[in-house]
Amino acid sequence: MNERRARWLFLAVLGAQLLALSLQVPDPERRSSFPESLGLRFLGPLARAVDSGADGASSVRESFRRRAALVEENRRLQSELERLRLEVMRLRESDDEARRLAAALDYGRQSHADLGVADVVYGDFSSWLRTLVVRTGSARVAINQAVVAPAGLVGRVILVAGPYAKVQIVIDRTASVSAYLEPSHRQGIVRGDGNGGLELDYVLQQAEVGVGDRVLTAGIDGIYPRGIPIGTVTSVQPGGELFHSITLAPAVDFGKLEQVYIVNSPSLPQSLKETSAGARP
Amino acid sequence: MRVLRFSIGLLVALLVHLAGMRLVPHFSLAVDVFLVVLVTKALDGDVVAAIVAGAVVGLFQDTLGGTLYGMFGVADTIVAYATALLAQKVVIQRMSGVVLAFVAAAATQQALLALLAFVLFPDPELPRVGWVALRIAVTALLGGVVFIASRQWRQRYDSWRRNRTARVHFG
């Protein structure tokens, strides 16, 4: 092929790519495209194989190195298990009591969401493209389902490709979560700060905010259920004229994630979302 | 044969990337193994093959990345095309020249990604300059080593084939 034809091919390929790119920009929900799903279906099993291989190698190494430590850890975990069993018993009693009181007050309790387990097969938390690829297996997963870890919120599903799903992590610059501060119940919006941390925006200067305050999901964005820990306040500065400038440390250590849980809570119906978006005060 | 070689290189890069991500913190910030394969391919000077390779490698990176699908595709296609054109016009033989080509390719890729981020996102998050410099340096060094090694391997392979053919004809 001569140089002129090669140039035309280059322009055609580049044009197609730019067109595909520009079609995604106005889509805030970031719907998945066919090539992306196909790519994830192909790369997902490879990532899983590498992950399993690395797990196996490190577990063999660890088992040789930490045999004595494991015995001690086992003993400690046994005692912790006993303590937690007692704690569960105590909480069950409290739960029963709360249930009885709620029934007496005719208060409809919010049902707990189901959780589906997913294995993390690929995670990139350090570069500016913060991604997590998880293997969900046969569980039904949909876009915008919340993803959590035992320590707190991880993010939301943005792409589903067969048994694999791509998760937008909460520390991503483009992610935003409605949240509230635990002691004051002031609400704001949590965003990634671009350096692996989080920012809490739109909290009024009048609100009392202290370092160490917990920040939880507010449950008003139609994606994340209420009450999931997002992080803790690490600094509070006077921001602009109206709002604090608050930074948070994420509740989850993303570098150590091996399994996550996908929340199967009923999401806000699309019609309701559209109605509320178009609503006027 | 060239397609097979490129496919094997891409597969190896993918495995190295996945293993690196699993074992080394900040691996993806420090090195771009996909770019090594891409530039090595583009330095052959075949423009069409380079364009296709750029699109394919870019799609791989886009699949693993969390940003808009196609950003790496655009950047890698341009880098591959430019590198192939350069390889057609300039004979790059020495290690220093190869490393320089990799430096230029890695820097161009990062600049294009930053440009696309500025155009497509209202408040783009960009990597730190220190990390970008490290990524360019490590990618260039690795690229230099891989390119020289693959050229030597190819020369040995060609010589082995010639000898084998000679034996078949005259032995």
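Since the model is a prediction, treat every value here as computed from it, not as a measurement.

(A) Expanded view of the overall build of chain A. In terms of regular secondary structure, chain A is built from 4 helices and 12 strands. The buried share of chain A, reckoned over its 281 residues, is 36%. Considering only contacts within chain A whose residues lie at least 6 apart along the sequence, 56% involve residues at least 24 apart. Within the structure as shown, chain A displays about 16,500 Å² of accessible surface, and the carbon and sulfur contribution to it stands at 55%.

(B) Region of the structure containing unusual backbone geometry. Residues and elements named next belong to chain A. Non-glycine residue His185 carries a positive phi angle of around 60°. Residues other than glycine seldom take positive phi values, yet Tyr202 does so here, at roughly 65°. Topologically, Tyr202 is positioned in the loop between β8 (198-201) and β9 (214-217). Overall, the relative accessible area of 45% leaves Tyr202 in the partly exposed class.

(C) Up close: the packing of helix α3 (residues 33-42) of chain B against helix α4 (residues 47-64) of chain B. Residues and elements named next belong to chain B. In the contact formed by α3 and α4, the axes pass within 9 Å of each other and the chain directions differ by 175°. Between α3 and α4, the interaxial angle falls into the category roughly antiparallel. Here Phe34, Leu38, Lys41 and Ala42 of α3 lie close against α4, whose contacting residues are Ala49, Ala50, Ala53, Gly54, Val57, Phe60, Gln61 and Leu64. Its residues assigned to classes, the contact of α3 with α4 shows 9 nonpolar, 2 polar and 1 charged.

(D) A look at the nonpolar core. Formed by 66 residues in total, the largest nonpolar core has its most connected members in Tyr122(A), Leu14(B), Leu18(B), Phe34(B), Leu43(B), Met71(B) and Phe102(B). In terms of residue count, helix α6 (residues 95-120) of chain B provides more of this core than any other element does, 11 residues in total. The contact partners of Phe102(B), leaving out residues within four places of it in the chain, are Leu35(B), Val36(B), Val39(B), Thr40(B), Leu43(B), Thr139(B), Ala140(B), Gly143(B), Gly144(B) and Phe147(B). Counting residues in each nonpolar core, the second largest holds 41 residues, with Ala149(A), Val209(A), Ile223(A) and Leu248(A) among its members.

(E) Fine view of the interface of chain B and chain A. With 44 residues of chain B at the interface, the matching set in chain A holds 42 residues. Buried area between chain B and chain A, summed over both chains or domains, comes out near 3,900 Å², and the portion from carbon and sulfur atoms is 69%. Its largest share of buried area at the contact with chain A, chain B owes to Arg22(B), Tyr69(B) and Glu125(B), together 20% of the area lost on that side. Between chain B and chain A we count 0 salt bridges in total. Connecting chain B to chain A are 5 residue pairs in polar contact (both at pLDDT 80 or more). Of all the secondary-structure elements, those providing two or more residues to the side of chain B that touches chain A are α1 (2-23), α2 (27-30), α4, α5 (71-89) and α6 of chain B. Top contributing element to the side of chain B that touches chain A by residue count: α1(B), with 9 residues. Classifying every residue of the side of chain B that touches chain A by side-chain character gives 28 nonpolar, 10 polar and 6 charged.

(F) Spatial organisation of the pattern of salt bridges. Residues and elements named next belong to chain A. Across all of its chains, the model carries 9 salt bridges over all chains by this definition. Arg75 serves as the salt-bridge partner of Glu72, at 3.2 Å between the closest nitrogen and oxygen. Placement of the pair is Glu72 and Arg75 together in helix α3 (residues 67-105), with a separation of 3 residues, close to one helical turn. Note on Arg75: relative accessible area 54%, which makes it exposed.

(G) Region of the structure containing a nonpolar patch on the surface. A grouping of Met1(B), Leu4(B), Ile8(B), Val12(B), Val16(B) and Trp153(B) is seen on the molecular surface, where their side chains present a nonpolar patch of about 600 Å² in accessible area. It is α1(B) that provides the largest number of residues to the nonpolar patch, a total of 4 residues.

(H) Region of interest: the packing of aromatic side chains. Tallying each qualifying case throughout the model produces 4 aromatic pairs over all chains. Aromatic ring contacts, followed pair by pair, group Trp153(B), Tyr157(B) and Trp160(B) into a single cluster. The ring of Tyr180(A) carries the charged tip of Arg226(A) above its face, separated from the ring centre by 4.4 Å.

(I) Focus on the sheet that holds strand β7 (residues 187-192) of chain A. Residue and element names in this part refer to chain A. Overall, antiparallel pairing links the 6 strands, which are arranged β6-β7-β8-β11-β10-β9 in a closed barrel. Strand-to-strand twist in this sheet, taken as the mean axis angle between neighbours without regard to direction, amounts to 40°. Of the pairings in the sheet, the one linking strand β6 (residues 176-181) to β7 comprises 5 bridges and is antiparallel in character. Within the sheet, the bridge partner assigned to Ser176 lies in β7 and is Arg191.

(J) Layout of the pairing of β6(A). Residues and elements named next belong to chain A. Here β6 lies mainly inside the structure; 5 of its 6 residues are buried. Taking the residues between adjacent antiparallel strands as the criterion, β6 and β7 are bridged by 5 residues, where His185 takes a positive phi near 60°. Examined bridge by bridge, β6 and β9 share 3 bridges and lie antiparallel to one another. Note that in β9 the partner of Leu181 across the bridge is Val215.

(K) Fine view of the pairing of strand β10 (residues 229-238) of chain A. Residues and elements named next belong to chain A. Alignment of β9 against β10, held across 3 bridges, turns out to be antiparallel. Counterpart to Arg214 in the pairing with β10 is Thr232. Relative to strand β11 (residues 244-250), β10 runs antiparallel, the two sharing 7 bridges. By the bridge assignment for β11, Val236 is matched with Ile246.

Definitions and limits used
- Residues numbered from 1 in each chain as written.
- Chains lettered and ligands numbered in written order.
- Predicted model: local features only at pLDDT ≥ 70, side-chain atom pairs only at ≥ 80, totals over all residues.
- Heavy atoms only, no water.
- Helix = DSSP H or I, 4+ residues; strand = E, 2+ residues; numbered from the N terminus.
- Buried < 20%, exposed > 50% of the residue type's maximum accessible area, 1.4 Å probe, protein only.
- Contact = heavy atoms within 4.5 Å.
- Areas by Shrake-Rupley, 256 points an atom, 1.4 Å probe, with all protein chains shown as cover.
- Axes fitted to C-alpha atoms, helices over the stretch in contact; angles between N-to-C directions.
- Parallel < 35°, antiparallel > 145°, perpendicular 65-115°, else oblique.
- Nonpolar A, V, L, I, M, F, W, Y, C, P; charged D, E, K, R; others polar.
- Core = buried A, V, L, I, M, F, W, Y, C linked by side-chain atoms within 4.5 Å.
- Buried area = accessible area lost by both parts, 1.4 Å probe.
- Salt bridge = Lys/Arg side-chain N within 4 Å of Asp/Glu carboxyl O.
- Polar contact = N/O pair within 3.5 Å; in protein donor to acceptor, adjacent residues only side chain to side chain.
- Patch = residues over 30% accessible without salt bridge, like charges linked within 9 Å, V, L, I, M, F, W, Y side chains within 5 Å.
- Phe/Tyr/Trp six-rings, centres within 6.5 Å; stacked < 30°, edge-to-face > 60°.
- Lys NZ or Arg CZ within 6 Å of the ring centre and 35° of its normal.
- Pairing = 2+ DSSP bridges.

Read these as layout, nothing more, since geometry by itself doesn't imply function.
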